[in-house]
Amino acid sequence: MANLSLTDKCNKQCTYCFAGSGNNNTNNAFMTIDLFQTALNYLKRSGIKQVRLLGGEPTLHPNFVNFVDIALENNFEIMLFTNGLINAKTLKYLHELPLGKLKVLMNTIHPNEKNNSGQKQQEKTMKLLGKKLIVGVNIFNESQDLLYLLDYIQKYQLKNEIRLGIAHPILGKQNAYLHPKQYKTIGEKVLALKIKVMKYNTSLTFDCGFVPCMFAPEYHNILRNELKNTGKCCEPILDLMPNGKFISCYPLSNFHSMNIKEQSTSNEIKQVFNKQLEPYKLSGIFPYCKTCSLFNNACNGGCISYRIQRFKIEYQ
Amino acid sequence: MQTATIQLKQGIGYAIEENGVTILNNRLHKSEFISYPDAAIWLVLARNNDLKVSQKMISAILNLEKNKCNNYINSCLNNWKNYFLFNG
Ligand code: SF4
Ligand code: SF4
């Protein structure tokens, strides 16, 4: 897996933004066509068949449609990570692409959110993209409600899947994130969502950073499928930034990076990053991880960005 | 007489665990785990610059008389000389 960040420009201001695109970002960098082509070659060399486009808001790249065309011509499938605030022309283009070629993952705005500007546009996007679209949410605070996601699927006939992400701390930045102390509360909310979606065979997928102890053991049976995706994060996913640098993931963007080279493959870059992260893996996110029977077994100890912060040290 | 002081070297960090302390040497990209009771000594030394104050605290924690306690601290510090900087 590897993600291509087409731009850090964004038309939303999420306080939790991993990509550093919210709040005060003024960079507005765009990936060049040459770099995009180099990135596709890298994906081919690494045996990766899916191009995952993200940002910022990737559809704001002036060559976005062009990039998608090039990727499709090269027989890649597209996975688009978007905030859903997509202009009408691009939305029409995405609507017309064949279902098997494009998956869109949209992080939603809660219907009752105070600052819900953009929600109308998200509704248009959901309406038009239907089964191509998976709804998701980034959880950055324990009071967030999750149950509305199923209503969106039913109302707009979306793909029968919900993706949940946890907002993690970006090293060296002050983004909003879910503190591990809040994980258990969110675990209960995820369980409530699971019970609600079971009737409809809706699958829940977890992004990185979910850990088994978020969920009380008596519910592990209900969540057995979802639990397979917990505790195994921090194998670097690799994100290629608009400036041609690879990072492990956005929260670690200030920790390490590496320029893309003509011959580099995903495995080689991961090896280098993994070596640099190794010393931090002796600790988990909680003081009790080291005595947890799952540590380094079914769970590697949670988000490494948070683990690095526990050492309160200059990490560069 | 100048008071003996002690402090963590640059690039050394630690995380407190339920059963000890994980020490990180950021320069060498290495980490090490110290369990209790040595971890308790580590925490006192890492949090107090004045060695005399640390000695008193550790003697109280371990219920050891001064000389025995100082010997114990010295043997710990000998193991941890890559982590601490001494003055005086
Ligand atoms: S450090 Fe690991 S869990 Fe945290 S954001 Fe990166 S990949 Fe995800
Ligand atoms: S290792 Fe830590 S994060 Fe993982 S399940 Fe155990 S206590 Fe939770």
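Look a little higher up for the structure.
Residues numbered from 1 in each chain as written. Chains lettered and ligands numbered in written order. Predicted model: local features only at pLDDT ≥ 70, side-chain atom pairs only at ≥ 80, totals over all residues. Heavy atoms only, no water.

**Let's talk about the overall build of chain A**
Piece 1. On a plain count of helices and strands, chain A comes out with 9 helices and 10 strands.
Piece 2. Partitioning the intrachain contacts of chain A with sequence separation of at least 6 by distance along the chain shows that 72% fall at a separation of at least 24.
Piece 3. Accessible area for chain A stands at about 14500 Å²; split by element, carbon and sulfur atoms hold 51% of it.
Piece 4. The positive charge centre, built from 38 side chains, and the negative charge centre, built from 23, are 3 Å apart in chain A. (Helix = DSSP H or I, 4+ residues; strand = E, 2+ residues; numbered from the N terminus. Contact = heavy atoms within 4.5 Å. Areas by Shrake-Rupley, 256 points an atom, 1.4 Å probe, with all protein chains shown as cover. Lys, Arg positive; Asp, Glu negative; His and termini not counted. Charge placed at Lys NZ, Arg CZ, Asp CG, Glu CD.)

**What to know about the packing of aromatic side chains**
Residue and element names in this part refer to chain A.
Piece 1. Evaluated as defined, the whole model comprises 16 aromatic pairs over all chains.
Piece 2. Aromatic pair Y280 and F311: ring centres 5.9 Å apart, planes at 75 degrees, arrangement edge-to-face. With Y280 in the loop between α8 (266–277) and α9 (304–310) and F311 in the segment after α9, the pair connects residues that are 31 residues apart, well separated along the chain.
Piece 3. For F311, a relative accessible area of 1% puts it in the buried group. (Phe/Tyr/Trp six-rings, centres within 6.5 Å; stacked < 30°, edge-to-face > 60°. Buried < 20%, exposed > 50% of the residue type's maximum accessible area, 1.4 Å probe, protein only.)

**So, the interface of chain B and chain A**
Piece 1. Each partner contributes residues to the interface: chain B has 17 residues there, and chain A has 16 residues.
Piece 2. Taking both sides of the interface into account, the surface hidden between chain B and chain A amounts to around 1300 Å²; carbon and sulfur atoms contribute 58%.
Piece 3. Between chain B and chain A we count 1 salt bridge in total.
Piece 4. Of the charged contacts in the structure, one is a salt bridge between R310 of chain A and E17 of chain B, with a shortest N-O distance of 3.3 Å.
Piece 5. Taken together, chain B and chain A are joined by 8 residue pairs in polar contact (both at pLDDT 80 or more).
Piece 6. Of all elements in the fold, only β2 (12–17), β3 (20–25) and β4 (30–35) of chain B reach the threshold of two or more residues within the side of chain B that touches chain A.
Piece 7. The greatest single-element share of the side of chain B that touches chain A, amounting to 6 residues, is contributed by β2 of chain B.
Piece 8. Tallied by class, residues from the side of chain B that touches chain A come to 6 nonpolar, 7 polar and 4 charged. (Buried area = accessible area lost by both parts, 1.4 Å probe. Salt bridge = Lys/Arg side-chain N within 4 Å of Asp/Glu carboxyl O. Polar contact = N/O pair within 3.5 Å; in protein donor to acceptor, adjacent residues only side chain to side chain. Nonpolar A, V, L, I, M, F, W, Y, C, P; charged D, E, K, R; others polar.)

**Some points on the packing of helix α2 (residues 64–73) of chain A against helix α3 (residues 88–96) of chain A**
Residue and element names in this part refer to chain A.
Piece 1. Interhelical geometry of α2 versus α3 gives an angle of 15 degrees and a closest axis separation of 10 Å. One way to sum up the angle between α2 and α3 is to call them roughly parallel. The chirality of how α2 crosses α3 is left-handed. Two secondary-structure elements touch here, α2 through F64, V65, V68, D69 and L72 and α3 through T90, Y93 and L94.
Piece 2. Residue composition of the contact of α2 with α3, by class: 6 nonpolar, 1 polar and 1 charged. (Axes fitted to C-alpha atoms, helices over the stretch in contact; angles between N-to-C directions. Parallel < 35°, antiparallel > 145°, perpendicular 65-115°, else oblique. Left-handed = near helix turned anticlockwise from the far one by under 90°.)

**A few points about unusual backbone geometry**
Comment: phi is negative for the bulk of residues other than glycine, and the bulk of peptide bonds are trans.
Piece 1. For the bond from G55 of chain A to G56 of chain A, the omega torsion is 25 degrees, close enough to zero to count as cis.
Piece 2. The linkage connecting Y36 of chain B with the following residue, P37 of chain B, adopts the cis geometry, with an omega of 10 degrees.
Piece 3. On the secondary structure map, P37 of chain B appears in the loop between β4 and α1 (38–47).
Piece 4. Even without a glycine there, the phi angle at N296 of chain A is positive, about 60 degrees.
Piece 5. As for its position among the elements, N296 of chain A is in the loop between α8 and α9.

**Some remarks on the sheet that holds strand β2 (residues 50–54) of chain A**
All names here are of chain A.
Piece 1. In spatial order, the strands read β7-β6-β5-β4-β3-β2-β1-β8-β9-β10; together these 10 strands make up an open sheet with mixed pairing. Looking at which strands have only one partner, the edges of the open sheet turn out to be β7 (203–206) and β10 (258–259).
Piece 2. Pairing geometry for strand β6 (residues 161–166) and β7, over 4 bridges, is parallel. Across the sheet, residue R163 finds its bridge partner in β7, namely T205.
Piece 3. Here α2 sits on the sheet in contact with β2 and β3 (77–82), set at roughly 150 degrees to β3.
Piece 4. Running at roughly 155 degrees to strand β4 (residues 102–107), helix α4 (residues 119–129) makes contact with β4 and β5 (133–139) of the sheet. (Pairing = 2+ DSSP bridges.)

**Here we look at the site of ligand 1**
Piece 1. Taken together, H168, C208, G209, C233, C234, C249, P251, L252, C303, I304 and S305 of chain A make up all the residues around ligand 1.
Piece 2. Here the residues of the shell around ligand 1 sort into 8 nonpolar, 3 polar and no charged. (Near = heavy atom within 4 Å.)

**Description of the site of ligand 2**
Piece 1. Around ligand 2, the neighbouring residues are V211, P212, C213, Y288, C289, C292, L294, F295 and C299 of chain A.
Piece 2. Considered class by class, the residues forming the shell around ligand 2 number 9 nonpolar, no polar and no charged.

**Notes on a nonpolar patch on the surface**
Residues and elements named next belong to chain A.
Piece 1. A contiguous nonpolar patch, built from I195, M198, Y219 and I222 and spanning about 340 Å² of accessible area, is present on the exposed surface.
Piece 2. Position of M198 relative to the elements: it lies in helix α6 (residues 183–198).
Piece 3. Judged by its relative accessible area of 43%, M198 is partly exposed. (Patch = residues over 30% accessible without salt bridge, like charges linked within 9 Å, V, L, I, M, F, W, Y side chains within 5 Å.)

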